[in-house]
Amino acid sequence: MKQTYLAELSASDPGGVSEPVSLTCAPAEGTYIPIGTTQTVVCTATESATYRAPVSSAPPPPNVSQASFTVHVTLDVHPAGFLSPLRMAPPYSAHKRGSTVPHKLYPPRYADGTPATDLAEGLRLVLYPLGACDAEPASDISGNDYPSGSTTWRYDPKSGQYIFNLKTQSAWNLGCYRAEVSYAGILLAKTHFNLTR
């Protein structure tokens, strides 16, 4: 879904001396702005300058005024986070090393309230091996570059969920892992799980 900015903007000349006033913005209203980015919009108001003084042979140059604002395009993240079998709070779920761990979440929503069900290709799951769940990660396992047996992200319309089946590996360390899924740098869900023998 394309994300555009829509703003109710207006400009006027104080006292109405040189109305009408034209207003232009760059980028223009309705411009596509990618999700996860911030765009500065600069608007320029220009008066008509049709007034001529009695001793002047030409109208004065129009007065020009500028203002700017920023537009940040984000998503309305669903508060549930990851769904079962993962847990969002201790005690975190435990899974046997070498098993498949489903990562499920409800889609975020766009600004108009519709579910963002078309993000599967851009979702990114990153795992951080911690050892203990209260430890700080030293490195991560690159997002979506998981070994054979893992699936790709997909949206399941029947359950209304995004699903990624992670195939854990027998060579992975036992202990706690932090799982984070994001889209265009926007964090959608974060939790921990444990790998056991």
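Relevant structure appears above.
All of the points below concern the structure found in this document. (Residues numbered from 1 in each chain as written. Predicted model: local features only at pLDDT ≥ 70, side-chain atom pairs only at ≥ 80, totals over all residues. Heavy atoms only, no water.)

It is worth spelling out the pairing of strand E2 (residues 38-47) at this point. Pairing analysis gives six bridges linking strand E1 (residues 21-26) to E2, with the strands arranged antiparallel. Residue pairing in the sheet places Val21 in a bridge with Glu47 of E2. Relative to strand E3 (residues 64-72), E2 runs antiparallel, the two being bridged by nine bridges. Along E3, the bridge assignment pairs Ala45 with Ser65. (Pairing = 2+ DSSP bridges. Helix = DSSP H or I, 4+ residues; strand = E, 2+ residues; numbered from the N terminus.)

If you trace the four strands from one edge of the open sheet to the other, you get E4-E10-E9-E6, paired in mixed fashion. Looking at which strands have only one partner, the edges of the open sheet turn out to be strand E4 (93-96) and strand E6 (123-131). Each strand axis lies, on average, 35° off the axis of its neighbour in the sheet, ignoring direction. (Axes fitted to C-alpha atoms, helices over the stretch in contact; angles between N-to-C directions.)

Another aspect to go through is the packing of aromatic side chains. In total, this model carries four aromatic pairs according to the counting rule given. With centroids separated by 5.3 Å and ring planes inclined at 65°, the aromatic side chains of Tyr155 and Tyr162 adopt a geometry described as edge-to-face. For Tyr155, a relative accessible area of 25% puts it in the partly exposed group. Looking at Tyr162, the relative accessible area reads 0%, which means it is buried. Ring centres of Tyr177 and Phe193 lie 5.8 Å apart, and the angle between their planes is 10°; on these two criteria the pair is classed as stacked. Highlighted residues: Tyr177 in strand E9 (residues 175-183) and Phe193 in strand E10 (residues 186-196), separated in sequence by 16 residues. The residues Tyr177 and Phe193 share a single accessibility class, namely buried. Members of the aromatic cluster, each reached through a chain of ring pairs, are Trp172, Tyr177 and Phe193. Above the plane of the ring of Tyr128 lies Arg178, whose end atom (NZ or CZ) is 4.6 Å from the centre. (Phe/Tyr/Trp six-rings, centres within 6.5 Å; stacked < 30°, edge-to-face > 60°. Buried < 20%, exposed > 50% of the residue type's maximum accessible area, 1.4 Å probe, protein only. Lys NZ or Arg CZ within 6 Å of the ring centre and 35° of its normal.)

This brings us to the state of the cysteines. Per the counting criterion, the structure on display carries two disulfides. In this model, Cys25 is linked to Cys43 through a disulfide, with the two sulfur atoms separated by 2.0 Å. Its torsion about the S-S bond being 105°, the disulfide of Cys25 and Cys43 is classed as right-handed. In this pair, Cys25 sits in strand E1 while Cys43 sits in strand E2, placing the two residues 18 residues apart along the sequence. Among the residues examined, Cys25 registers a relative accessible area of 19% and is labelled buried. (Disulfide = S-S within 2.5 Å.)

A word on unusual backbone geometry. Note the cis peptide between Ser84 and Pro85, where omega equals 20°. As for its position among the elements, Pro85 is in the loop between E3 and E4. For the peptide bond that leads from Pro90 to Pro91, omega is -5°, which places it in the cis range. Phi is positive for Ala184, which is not a glycine, with a value near 50°.

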